[in-house]
Amino acid sequence: MNSPTLSHPTPRRDIQGLRALAVLAVIGAHAVGWSRGGFVGVDVFFVVSGFLITGALLREAQLTGGIRLAAFAGRRARRILPLAVVVLIATAASAFVVFNRPRAEQTLLDALWSAGLAANWRFTAVGTDYFHADDAVSPLQHFWSLAVEEQFYLAWPLLLLLTVSLLPAARRRGAAATGAVAVLAAVVVAASFAWALLQSADAAVPAYFSTFTRAWELAVGALIAAAVPLLRRIPPVVGGLVSWIGVGGLIVAFAVIDPEAGGFPAPWAALPVAATALVLAGGVPGDPRHRHLFPLTNPVSVFAGDVSYSLYLWHFPVIVFAAVLLPAREATTALVLAITLVLAVASYHLVERPFRFAPYGRPVGGESAETPPEDAAAALVPTAVRAAELVRDAAPAPAPRALSTRPAGWTPGTRYYPGAPSATSTSPSSGAPELSRADLGDGPGVPEVPAPRAIASPEPAPAAAPEPVPASAPWAAWRARFGPPALLAASGLGIAALAVVLVVQNVFGGLTASLVAFPPAGAADAASDAADADPGDPIAALQAELASAATATEWPQLHPSLDEVMTRSSASNPARDCFSPEVSPTAAGCSTGSSDAPVHVYLVGDSTAMAYAPAFRKLADDSDGGIRVTTVGLYGCRFTDVAVQNDGAGVMTACPQRKADVRAMILADAPTLVVMSNAYTLGHTPDGADLSADALLAAQEAEADTYGMPGRIVHLAPPPEGADLGRCYSPAASPYGCAAGVSSTWGQMESAAEQVAAASGNHAVSSLPFTCWELVCPAFAGDIPTRYDRTHLTVAYAEHIVPALRAELAARGLL
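Conventions adopted
Residues numbered from 1 in each chain as written. Predicted model: local features only at pLDDT ≥ 70, side-chain atom pairs only at ≥ 80, totals over all residues. Heavy atoms only, no water. Pairing = 2+ DSSP bridges. Helix = DSSP H or I, 4+ residues; strand = E, 2+ residues; numbered from the N terminus. Contact = heavy atoms within 4.5 Å. Axes fitted to C-alpha atoms, helices over the stretch in contact; angles between N-to-C directions. Salt bridge = Lys/Arg side-chain N within 4 Å of Asp/Glu carboxyl O. Buried < 20%, exposed > 50% of the residue type's maximum accessible area, 1.4 Å probe, protein only. Disulfide = S-S within 2.5 Å. Polar contact = N/O pair within 3.5 Å; in protein donor to acceptor, adjacent residues only side chain to side chain. Phe/Tyr/Trp six-rings, centres within 6.5 Å; stacked < 30°, edge-to-face > 60°.

Q: Looking at this structure, I do not really get the sheet that holds strand 1 (residues 591-592). What am I missing?
A: Pairing between the strands of a sheet is mediated by backbone hydrogen bonds and can be parallel or antiparallel. Taken in spatial order, the six strands line up as 1-3-2-4-7-9 in an open sheet, and their pairing is mixed. On the outer flanks of this sheet lie strand 1 and strand 9 (763-765), each paired with one strand and no other. As paired strands, strand 7 (residues 713-716) and strand 9 are joined by three bridges and run parallel to one another. Along strand 9, the bridge assignment pairs Val714 with His763. Helix-sheet contacts for helix 24 (residues 607-621) involve strand 1, strand 2 (599-605), strand 3 (627-633), strand 4 (673-677) and strand 7, and the interaxial angle to strand 2 is about 165°.

Below is the structure:
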């Protein structure tokens, strides 16, 4: 009587369909913003992963009475790392070509953290807000979910092993082990969900990325895996209905969950998690092909599920790089989706499958060249146990085999590759029959175990010594299986690359021309007119530089470079300590120029005043002792007589005292002139009351009134808010991509400043002559960067505008 083996099962196609639905929802949300709640596809992946991997671990525990942690880690590494490493290297290298240097260096750090499976903690530490798409997002931000999953699997197999080990040896292979795992999973679900509720309300960013607030989602899948023996008793019709309800729940989740409404991951993630659990549970009974669930089980969905890991890893870098290199058009979106699909399919055949099933150091006759995948079904556990029992109870003397051209151990229904070991070969470590990939398929299934049977033979044949198997046989089988698809994938990748080049050339007019929109027709002539203005007029000369920059199609050599000023931020500002909440400034320590100067100017306000400080300091330095300047304030603290909410650390606590201190300095010094500069953005009070443009400028004027200097107050407008340099600046892109228009809010606040100044006899000075040309505000003028972020002037440019600033103040009789 020969040893029984498991027949070839039919994979659960609905699980591959779930993966497809999840990844397409995520890609849709990231690429086109639809569906808005598509980001919850990640939660679907968590539940599916918990179900499949816990099922595989349970099967191993019931077959062997334990879990081989090293073998599990090896399988996870082969499954996850090869493609992840390829994507990380490709993304980090591309970042240094596409991004500015600071962003490229940040991407490299993100890649290192992602390679260490700690990307979620990296993004938590830097305060990444997943839902702020306008930020200079990392192209590797999506690796946070992979980190959560793998951190969970550092602990989960060990917890399962400890749980099973606590049971009596006789009960480790039965229902007791499954029940113990179910209790463990339920405890994790309850504890993690409770913590997620607290964190989602108090610390939304850490809650989103934390393994502790996400563990319950994987544990829900584990709970379903442990419940498989019970779920198998459900009538197939009921199971099918439950699956359809689950699919409906997922569609609702994609449509109704708002990423900006809060409450995520708890309680809102409970909707997609519960819906996924229903699909998994409903699919346990009945035909694993689940033809009735056609949205998930059709061939297209199954294929998308097969390549879902590759799709997920590639889609976000492609989207982020395209946002820098290509204009926002429908054709761009189509190109992004096509490139993502080509990369995913190619890497699936070139990297993912070949590396996953490569026979690294496996002994001949040992494990199959295809290690059982992690998506071994929880549904296989009882069947595998019955198979092991049949092996144990079989007659001790096997019957002689009939002569056959098939290899020993071949079972009808399985595929055989020359040189591959038998599907029923015994693992040296467990003594139990190992299931090959042919047995398991691409997902969970419910195989039927044929009864043991004898194979008749006309007459006994003497036992023959087995022929030696060459050591290279597993690799030969591996090459035979994966070589042709890999070759086709490589060829297809080359053809696709050529097609992308042709599309960019013909649809977008070439890569350089497609990077950004160019200035309107006639702008170059207007810029030429500005350049011909009176060179003796410093404001006209500055306008000529701004006009030239606003119409430039290539970045000039800037001094300092944009990379440098973005990296330094405000650190190089000599007045920084006089605006810091950690330092208590003094009038003497924040002043420059002769103490006997006939003109004493105070510059006060928030960080926009700090950005102007180098200009006023240079104004004093160039005055030959005629001007003394004191620059003092607090960044994040608007100098108004009402509190304006700011979330900067320590700002709201320090702001009232800093305004009082500055007021005392001004009253004591009785300066010639006070210049006030605050942000021109709307705000609200700490209790949530909105403040309009008129209200904010009236409050600024009211604060100025406390200085007792009527007619000697200047409301200096900050520069209009520009483009996010971290996102728009690329050496490969046109500088016009970093030019910004003047917002309506800025215009409203400047108009309000002029009104309050006119009513009080004070002065309002616009920043447009220093920072913009024809309402276009470029990122540089001449060879100097104008800003180091959206708003704040660079030190070099602040000093560069001194002649124009002096001329403006002198024209008003203020200097």
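Q: I'm lost on the pattern of salt bridges in this one. Help?
A: When their charged atoms lie close together, side chains carrying opposite charge are able to pair. All told, the structure shown has 18 salt bridges when counted by the stated rule. Linking Glu564 and Arg568 is a salt bridge whose minimum nitrogen-to-oxygen distance equals 3.6 Å. One end of the pair is Glu564 and the other is Arg568, both in helix 23 (residues 562-568) and four residues apart, which spans about a single turn. What makes Glu564 partly exposed here is its relative accessible area of 36%.

Q: What am I meant to see in the state of the cysteines here?
A: What we call a disulfide is simply a covalent bond connecting the sulfur atoms of a pair of cysteines. All told, the structure shown has four disulfides when counted by the stated rule. Here Cys728 is linked by a disulfide to Cys738, with a sulfur-sulfur distance of 2.1 Å. Here the disulfide of Cys728 and Cys738 is right-handed, its torsion about the S-S bond being about 115°. Here Cys728, found in helix 27 (residues 725-728), pairs with Cys738, found in the loop between helix 27 and strand 8 (740-741); they are ten residues apart in sequence, far enough to count as distant. Each member of the pair Cys728 and Cys738 is classed as buried. Shown here for the chain is a disulfide pattern of 1-2, 3-4, 5-6, 7-8, where each number marks a bonded cysteine counted in sequence order.

Q: Where do I start with the side chain of Arg214 in this structure?
A: You can see Arg214 is positioned in the loop between helix 8 (204-209) and helix 9 (215-226). What makes Arg214 buried here is its relative accessible area of 1%. Side chain to side chain, Arg214 and Asp43 meet in a polar contact 2.7 Å long. The contacts of Arg214, once residues within four sequence positions are left out, are Asp43, Phe46, Trp144, Val148, Ser192, Ala207, Tyr208, Phe264 and Pro265.

Q: Quick question: what am I supposed to make of the packing of aromatic side chains here?
A: For the coordinates displayed, the defined rule picks out 21 aromatic pairs. For the ring pair Phe46 and Trp144, a centre distance of 6.1 Å and an interplane angle of 80° mean the geometry is edge-to-face. With a gap of 98 residues between them, Phe46 in helix 2 (residues 41-64) and Trp144 in helix 6 (residues 143-165) connect regions that are remote in the sequence. There is no split in this pair, since Phe46 and Trp144 are both buried. Three or more aromatic residues link up through ring pairs in this structure, and these residues are Phe39, Phe46, Phe123, Trp144, Tyr208, Phe209 and Phe264.

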